[in-house]
Amino acid sequence: MTATLDSPPAPPEERRSARSLTETVFRAREVSIAACLVLLVLGTWLANSRFLSDQGINDLLLNASILALLAVGQSVVVLTRNIDLSVGSVVGLSAFACGKFVSGSDHNVVLVMLLGIVLGALCGLVSGALVSFGRVPALVVTLGMLYIIQGVDYWWAHGEQINAVNLPSPVLSLGSGSVLGIPYLPLIAAVVLAATAYYLRSYRSGRELYAIGSNPEAARLAGVPIRRRILAAYVFSGAVAGFAGALWLARFGTVVADNAHGWELTVVSAVVVGGVAITGGVGTVWGAALGALLLTTIGSALVVLKVDSFWQSAITGALLLAAISVDRILNLRMTSALRKRSARHVHKA
C-alpha cells in the first residue's frame, strides 16, 4: 500500500533550521539546570563549608549515581511517549536477589551484576510486551508490575534482611572503592550515560525513539518498527534498573524487601525536571542525569541546613510542576516559531 502526503516534505534548509532551533532550546534548558545546581551548591556551601568537603562531594556523587542510572533508563521509555513506574520495585527485587545469590559465597562480582541486569531485563520484557504488542496503556501495565514485583519480593524475603557481613569483599569494594579519588559508582553511571547518549544521537534506531514520541503515526508511515522499538526501550529500562539494584547492594550492603520503595516518582521527576518531555519525543539523557543530580543535591542540602525532610518532597513536587509548565510553554513557542519560518519560506517560494 502506498501512502500519499497532502504537502511536500520540508526542504533540507528548513529541516536543518528546525533541528537547530530544537537543539538550541534544549541545550539552554540543560544549561539552566546546571546553573541552578551550581547556585544551590554554592549557597549551601556558604551556609555550611563542610558541604563541599571531600567526603561531602563523594556523598553527593554516590547518592546521585543510582538515581541518575534509573533516570537514563526511564528517559529512553519516556522518549517513546510511555512511562515505566516499576523501576523502583525492580531495584528492590534485583538487590535482594543479588544479595541472596552472593550471601555467604565468593561469587564473582561481574556475575552478580549480570544477574541483576538479566532479572531487570526480564521484568522490562514483560512490561514492554504488554505495552507494545498487547497495546495496554503503559500506566496500567507498569503500575500493575510495580505491585506484582513488590508482592513477589515480600513473599520471597519473609522479613529477611541481608547484611554486609555476609557479602564478599569484592562486592562491597565496588560500592565503597574509588579510582584516583573518584568513587566507582559515579564512574559507572557516567559510562552508561555517555554510551546511551551516543546511541540515541548516532544510531538510526536511537533516533527512531524520538520519532515515535514526536509523532507515532508519522513514524509508522515512515516504516519505523514501533512495537519493537518500544519493547526494546522497556527491556533497556528494566536492565538498567536491575543493574542499579545490584549496585544498591554494593553501595549499602544491607538489603531488605522494600529497598527503593517509592523511587518511581522520584525517577520520573528527575527525568521531567531534566527536560525530557512527558509527552515524548524531546529531551536528552544528559538533562535527565542533571535532573537526578539536582534532586539529590536538594535532599543533601536540606539535611546540611537542618531543614525538615518534608520540604524535600514539596520542593520536588514544585520542580515537577514547574518543569511540565516550562515544557508546555517551550513547545508552544517552538511550534509557533517553526510555523512562522515555514510561512516565510512558502512566501519566498
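Further up the page is the structure itself.
Now for a description of the structure that goes with this document. (Residues numbered from 1 in each chain as written. Predicted model: local features only at pLDDT ≥ 70, side-chain atom pairs only at ≥ 80, totals over all residues. Heavy atoms only, no water.)

The number of helices and strands found in the protein chain is 13 helices and two strands. The buried share of the protein chain, reckoned over its 349 residues, is 45%. Relative to all contacts within the protein chain whose residues are 6 or more apart in sequence, the contacts with residues 24 or more apart total 79%. (Helix = DSSP H or I, 4+ residues; strand = E, 2+ residues; numbered from the N terminus. Buried < 20%, exposed > 50% of the residue type's maximum accessible area, 1.4 Å probe, protein only. Contact = heavy atoms within 4.5 Å.)

The subject of this paragraph is helix H2 (residues 54-79). In this model H2 runs 36 Å from its N-terminal to its C-terminal C-alpha over 26 residues, within 8% of the 38 Å that 1.5 Å per residue would give. Maximal helix bending in H2 amounts to about 35°, located at Ser65. Burial within H2 is extensive, with 19 of its 26 residues counted as buried. Backbone geometry just downstream of H2 places Arg81 in the positive-phi region, at approximately 70°. (Expected span 1.5 Å × (residues − 1). Bend = angle between axes of the 7 residues up to and from the residue.)

The end-to-end C-alpha separation of helix H4 (residues 109-132) is 34 Å, in line with the 34 Å expected for 24 residues at 1.5 Å each. Taken as a whole, H4 has its buried residues at Val112, Met113, Gly116, Gly120, Ala121, Cys123, Gly124, Ser127, Gly128, Val131 and Ser132. Residues of H4 that are buried make contact with helix H3 (87-102), helix H5 (138-157), helix H6 (169-176) and helix H10 (226-252). If you check the start of H4, you find a side-chain oxygen 2.7 Å away from the backbone N of Val110, and it comes from Asn108. (Polar contact = N/O pair within 3.5 Å; in protein donor to acceptor, adjacent residues only side chain to side chain.)

The backbone of Arg81 shows a phi angle near 70°, a positive value even though the residue is not glycine. Mapped onto the secondary structure, Arg81 falls in the loop between H2 and H3. Take Arg81: its relative accessible area is 42%, and that puts it in the partly exposed class.

Nonpolar side chains collect at one region of the surface, where Val179, Leu180, Ile182, Tyr184 and Leu187 lie side by side and expose about 450 Å² of accessible area between them. Mapped onto the fold, Tyr184 is located in helix H7 (residues 184-202). Residue Tyr184 is classed as partly exposed on the basis of its relative accessible area, which comes to 32%. (Patch = residues over 30% accessible without salt bridge, like charges linked within 9 Å, V, L, I, M, F, W, Y side chains within 5 Å. Areas by Shrake-Rupley, 256 points an atom, 1.4 Å probe, with all protein chains shown as cover. Salt bridge = Lys/Arg side-chain N within 4 Å of Asp/Glu carboxyl O.)

Bringing the packing of aromatic side chains into the picture now. Evaluation of the coordinates by the stated rule reveals five aromatic pairs. Between the aromatic rings of Phe96 and Trp156, the centroid separation amounts to 5.4 Å while the plane-to-plane angle is 80°, which identifies the pairing as edge-to-face. Of the two residues, Phe96 sits in helix H3 while Trp156 sits in helix H5, which places them 60 residues apart along the sequence. Judged by its relative accessible area of 0%, Phe96 falls in the buried class. Between Trp248 and Phe252, the ring centres sit 4.9 Å apart and the planes meet at 50°, which makes this aromatic pair tilted. Here the residue Trp248 and the residue Phe252 both occupy positions in helix H10, the gap between them amounting to four residues, near one helical turn. Overall, Trp248 belongs to the buried group, its relative accessible area being 10%. Each member of the aromatic cluster is reached from another via a ring pair, and the members are Tyr198, Tyr199 and Tyr203. Just above the ring of Tyr210 sits the side chain of Arg207; from NZ or CZ to the centre is 4.8 Å. (Phe/Tyr/Trp six-rings, centres within 6.5 Å; stacked < 30°, edge-to-face > 60°. Lys NZ or Arg CZ within 6 Å of the ring centre and 35° of its normal.)

So far we have only geometry, and geometry alone does not tell us how the molecule works.
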